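# Survey of secondary and tertiary structure
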Amino acid sequence: MEKVHYLLTKAGPRLLNLMVDANQIDIIVTAPGMLCQRLEFVTNLGALDGCDAGFYTELSSHLYAQAYCGHTSPKPVDISVDTHRLGAELSIDLGEPNMYQSLLRLRTCSGRSFREVIQNSRSLPSQTEMMAGLYVVKAEGHHEHHQAMPKVKSKGNKQSHQHHNIKKGA
Amino acid sequence: MDIRKSAAQLNDNEIDAFLEAIIKLKARKASDANISVYDQFVALHGAVMAVTRNNADPVNFAHNNIGFLAWHRQYLRLFELALQKEVAGVSLPYWDWSDDIGASNRLFTDDFLSSTTRGRPESISNGLLRRRVPNNRKPDWWPSSLRGFSVNRHLEEGSGRNLKRGSTENNWPPSIAQMQQLSELNISIRGSNPLWAFWLVLEQGYDGFIMRTHNAGHRFIGGHMAGSFSPNDPIFWMHHANVDRIWAHWQEFQLRINADSNPKDFWPHPDEFSPFEGRVAPLGHKLNDDLWPWVGSDSNQYQSVSAAQTILKRLHDYSNMKKVKVVDVLDFEAMGFKYE
């Protein structure tokens, strides 16, 4: 099987082709959590074409991903399906935030290629021509200002930035 | 003029002098805080990740934009001068990424900066960077106050106080040809200053072009080198000396191919929009911006919000030092060093 790798950087490509004849894709992520937040599965097909909520759930069960950030041991990352008014959404987490880069290794559980796994979904009519990829969702805010802080559980709103109130003088 | 040489080409005496300076700086207590001078430098690298001026949105003064080059040049030079206070005549060696055989045989050895490891981060178990160095392995110059090279407890980022490494980069090293290509990169996106593209490839790499550059190097070492306090690992200084060397070569290349030019021509005009963001560079990254924390008497306008108070209160106070702007670090020979 062919080897596939991508590098996500500032101003780099935001759409990664998933219709590949490989069962492993290495994605090097620059500053996960700071530049890039997560990956979202996107396709040109809708629910009436077969890409309904069941398709997303089935696809997520066929995928496995690990993040290698270098700072800690390799860790599995979440591949989740959320439902929205717009429809279902499959997201792949990028692991721990990192200043530099991490490696996200995405695999099919069966060893079949991503193209086969996607096209052979029970939800899709056979021989369906389609486009499928991963969209790079940008990170919001400026995560670095959490980065060198002690890891403490925040109370209340996760988005609050209480340490902005620290005294000046650095 | 200090001459920075390839770490793999240093002779035994030069290696010993460099290690002596590093270890002594690690033992040297700072005059203005309860921390070693070495660790003050480490703390600064974490603090610079998010800095606000007059409570505006925080900016990373040292990464993810063109100021990456300028900030680290100034940072390294101050560190080099601090080393020279410990051992006169020492200069920062650079880790030539493309000389992998030299690095394996000379740099990543028990006698120099200890070996690299693959996979899960593990404590360094040989050489002088261990947390506890056996007495019979300590050189004559070893400071009596130091048991080994332990990571400061405020700066260990959950990785522990033993210096750790663990590589997850399978595609290292870059080739000599790629490094040459990078030093002569001359891409001007829609007429923009060529520094934009050069910086992006040098700091982050670029798919389909050269991926194995600064960020990949941090991941190639891994462990503490993969965190905000990456200078905990002394390889950081050699890694960034190589980044700076490539920038220096690029500057020389641009001066060579552009008659009657000067170094300022190869930094975007302050009003030039980034071709990546469609706006001017952020604070600290433009030609005439001050480089925090070297902002002189304006220091009370700035505040780091990336580090805890326990760290911020240990930073060196640079308020009595002359301001340093981006434009001040473009001429590296004027700063007192060059590369062999």
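This structure is a prediction, so every number in the text was calculated from the model and none was measured. In this convention, every chain numbers its residues from 1, walking through the sequence in written order. By the order in which they are written, chains take letters starting at A while ligands take numbers starting at 1. Where local features are concerned, this predicted model is filtered to residues with pLDDT of at least 70; where side-chain atom pairs are given and counted, the filter is 80 or more; whole-chain, interface and lining totals use all residues. Computation of side-chain values: all heavy atoms of the structure, hydrogens and water removed.

## Brief notes about the packing of aromatic side chains
For any two aromatic rings, the description comes down to two numbers: the centre-to-centre distance and the angle of the planes. All names here are of chain B. Rule in force here: The aromatic pairing rule takes the rings of Phe, Tyr and Trp, using the six-membered ring of Trp, and pairs them if the centres are within 6.5 Å, calling planes under 30 degrees apart stacked, those over 60 edge-to-face and the rest tilted. Put simply, DSSP H or I for four residues or longer makes a helix, DSSP E for two residues or longer makes a strand, and each gets a number counted from the N terminus. Think of it in three bands: residues with accessible area under 20% of the maximum for their type are buried, residues over 50% are exposed, and the middle band is partly exposed, with areas taken using a 1.4 Å probe on protein chains only.
The tally for this structure, following the rule as stated, stands at 33 aromatic pairs over all chains. Between Trp 196 and Phe 276, the aromatic rings sit 6.5 Å apart at their centres with planes inclined by 90°, giving edge-to-face as the arrangement. You can see Trp 196 sitting in helix 6 (residues 195-204) and its partner Phe 276 sitting in the loop between helix 8 (235-257) and strand 5 (302-304), a full 80 residues away along the chain. Ring geometry for Trp 199 and Phe 276: centres 6.1 Å apart, planes at 50°, overall tilted. Taken together, the residues Trp 199 in helix 6 and Phe 276 in the loop between helix 8 and strand 5 connect sequence positions 77 residues apart. For Trp 199, a relative accessible area of 0% corresponds to the buried category.

## Brief notes about the sheet that holds strand 5 (residues 63-68) of chain A
All names here are of chain A. What counts here: What makes two strands pair is DSSP finding at least two bridges between them.
Ordered by their spatial adjacency, five strands build an open sheet running 1-3-9-5-6, and the pairing between neighbours is mixed. The outermost strands of the open sheet, each flanked by one partner alone, are strand 1 (4-8) and strand 6 (75-76). As judged from the six bridges shared by strand 5 and strand 9 (residues 101-108), these two strands associate in the antiparallel manner. By the bridge assignment, Ala 67 is partnered in strand 9 with Leu 104.

## Description of the side chain of Thr 9 of chain A
Defined as follows: Contacts are assigned to residue pairs with any non-hydrogen atoms lying within 4.5 Å of each other.
Along the polypeptide, Thr 9 of chain A turns up in the loop between strand 1 and strand 2 (15-17). In this structure Thr 9 of chain A touches Thr 30 of chain A together with Gln 204, Gly 205 and Tyr 206 of chain B, once residues within four positions along its chain are discounted.

## Observations concerning the packing of helix 3 (residues 67-86) of chain B against helix 8 of chain B
Residues and elements named next belong to chain B. Heads up, the rule is: For helices, the fitted axis covers only the stretch in contact; all axes are lines through C-alpha atoms, and the angles between them, taken along N-to-C directions, range from 0 to 180 degrees. For classification, angles of less than 35 degrees are called roughly parallel, those exceeding 145 degrees roughly antiparallel, those between 65 and 115 degrees roughly perpendicular, and all remaining angles oblique. Handedness of a crossing follows from how the near helix is turned relative to the far one, being left-handed for an anticlockwise turn of less than a right angle and right-handed for a clockwise one.
Closest axis-to-axis distance for the helix 3/helix 8 pair is 10 Å, and the angle between their directions is 125°. The angle between the axes of helix 3 and helix 8 places the two elements in the oblique class. The hand of the helix 3/helix 8 crossing is left-handed. Contacts between helix 3 and helix 8 involve Phe 68, Leu 69, Ala 70, His 72, Arg 73, Tyr 75, Leu 76 and Phe 79 from the first element and Phe 236, Trp 237, His 240, Ala 241, Val 243, Asp 244, Trp 247, Ala 248 and Gln 251 from the second.

## Let's talk about a nonpolar patch on the surface
Our working rule: What goes into a patch is any residue over 30% in relative accessible area without a salt bridge, connected to like charges within 9 Å or, for nonpolar side chains (Val, Leu, Ile, Met, Phe, Trp, Tyr), within 5 Å. Reported accessibility uses the Shrake-Rupley method at a 1.4 Å probe radius. Residues are deemed covered only where the shown protein chains occlude them. Take a side-chain nitrogen of Lys or Arg and a carboxyl oxygen of Asp or Glu: if they are within 4 Å of each other, that pair is a salt bridge.
A contiguous nonpolar patch, built from Leu 15, Val 42 and Tyr 135 of chain A and spanning about 250 Å² of accessible area, is present on the exposed surface. Mapped onto the secondary structure, Val 42 of chain A falls in strand 4 (residues 36-43).

## Side note on the interface of chain B and chain A
Note on interface size: it is often stated as the accessible area lost on association of the parts. Worth spelling out the cut-off: Once two parts are put together, the accessible area they lose, assessed with a 1.4 Å probe and summed over both, is termed the buried area. All residues other than Ala, Val, Leu, Ile, Met, Phe, Trp, Tyr, Cys, Pro, Asp, Glu, Lys and Arg, Gly among them, are scored as polar; the first ten of these are nonpolar and the last four charged.
Between chain B and chain A, the contact holds 57 residues from the first and 37 residues from the second. The junction of chain B with chain A conceals about 3700 Å² of combined surface from both sides, 57% of it contributed by carbon and sulfur atoms. Inspection of the region where chain B meets chain A yields one salt bridge. The salt bridge partner of Glu 277 of chain B is Lys 10 of chain A, with a shortest N-O separation of 2.4 Å. Taken together, the elements giving at least two residues each to the side of chain B that touches chain A come down to helix 2 (37-47), helix 6, helix 7 (214-221), strand 5 and helix 9 (309-312) of chain B. Looking at the side of chain B that touches chain A element by element, the count peaks at five residues for helix 7 of chain B. Partitioning the side of chain B that touches chain A into residue classes produces 23 nonpolar, 28 polar and six charged.

## Remarks on the pattern of salt bridges
Any two side chains of opposite charge can pair, given that their charged atoms come close. Residues and elements named next belong to chain B. Across all of its chains, the model carries 24 salt bridges over all chains by this definition. Across the pair Asp 244 and Arg 73 runs a salt bridge whose closest N-O atoms are separated by 2.7 Å. Taken together, the residues span a long stretch of sequence, with Asp 244 in helix 8 and Arg 73 in helix 3 at a distance of 171 residues. Summarising the burial analysis for this pair, Asp 244 and Arg 73 share the class buried. Across the pair Glu 169 and Arg 219 runs a salt bridge, and its minimum N-O distance is 3.1 Å. Taken as a pair, Glu 169 in the loop between strand 4 (164-165) and helix 5 (176-183) and Arg 219 in helix 7 lie far apart in primary sequence, 50 residues in all.

## Let's talk about the confidence of the model for chain B
Threshold: pLDDT runs from 0 to 100 and stands for how confident the predictor is about each residue.
Summarising the model, chain B shows a mean pLDDT of 95, and 100% of its residues fall at 70 or more. Model confidence for the complex is summarised by a pTM of 0.92, with the ipTM given as 0.90.

## Structural notes on unusual backbone geometry
All names here are of chain B. Look at the link from Trp 172 to Pro 173: it is a cis peptide, with omega at 0°. Within the secondary structure layout, Pro 173 lies in the loop between strand 4 and helix 5. At the junction of Trp 292 and Pro 293, the peptide bond is cis and its omega measures out at 10° in the coordinates. Within the fold, Pro 293 resides in the loop between helix 8 and strand 5.

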